Amino acid sequence: MDMQTWRDSRTRAQDAANGLRDALASLGLPERVQRHLRPMVTHSGTPFVHVGIRKAEDVERMANALRNSTAASQETRS
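Report on the accompanying structure.

Here is what the cut-offs are and how they apply
Residues numbered from 1 in each chain as written. Predicted model: local features only at pLDDT ≥ 70, side-chain atom pairs only at ≥ 80, totals over all residues. Heavy atoms only, no water. Helix = DSSP H or I, 4+ residues; strand = E, 2+ residues; numbered from the N terminus. Salt bridge = Lys/Arg side-chain N within 4 Å of Asp/Glu carboxyl O. Buried < 20%, exposed > 50% of the residue type's maximum accessible area, 1.4 Å probe, protein only. Core = buried A, V, L, I, M, F, W, Y, C linked by side-chain atoms within 4.5 Å. Contact = heavy atoms within 4.5 Å. Pairing = 2+ DSSP bridges.

A look at the environment of Glu57
In step 1: You can see Glu57 is positioned in helix H3 (residues 56-77).
In step 2: In this structure, the C-alpha to C-alpha distance between Glu57 and Val33, residues 24 residues apart in sequence, is 11 Å.

Brief notes about the pattern of salt bridges
In step 1: Tallied over the entire structure, the rule returns 1 salt bridge.
In step 2: Put simply, Arg32 and Asp58 hold a salt bridge, and the shortest N to O gap is 3.5 Å. One end of the pair, Arg32, is in helix H2 (residues 31-34); the other, Asp58, is in helix H3, and 26 residues separate them in sequence.
In step 3: Relative accessible area serves as the criterion here: at 3%, Asp58 is assigned to the buried category.

A short note on the nonpolar core
Grouped burial of nonpolar side chains is what soluble globular proteins tend to show.
In step 1: Counting 5 residues, the largest nonpolar core consists of Leu24, Leu29, Val33, Leu37 and Met62.
In step 2: Excluding residues within four positions of it along the chain, Val33 makes contact with Leu24, Arg54 and Asp58.

Topic: the pairing of strand E2 (residues 47-50)
In step 1: By the bridge criterion, 4 bridges tie strand E1 (residues 38-41) to E2 in an arrangement that is antiparallel. Pairing of Pro39 across the sheet is with Val49, part of E2.
In step 2: From the end of E1 to the start of E2, which pair antiparallel, there are 5 residues, and Gly45 there has a positive phi angle of about 100°.

Encoded structure:
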């Protein structure tokens, strides 16, 4: 992998991590939940965001927010 591919992948992973941090903050989840998000790039250049181990209650809130967002999106399309 060349350096530009790594930089592009790292930027994409960082942007995704920041977007998730913003979404978690809007749910009122504390900083301790947000700070564990880590942008990562594999040796082949695939961007990932490592979320780590989360409390079940925090993940339940995230899941409910995703469900509500999906339902609202489907209602808008109808």
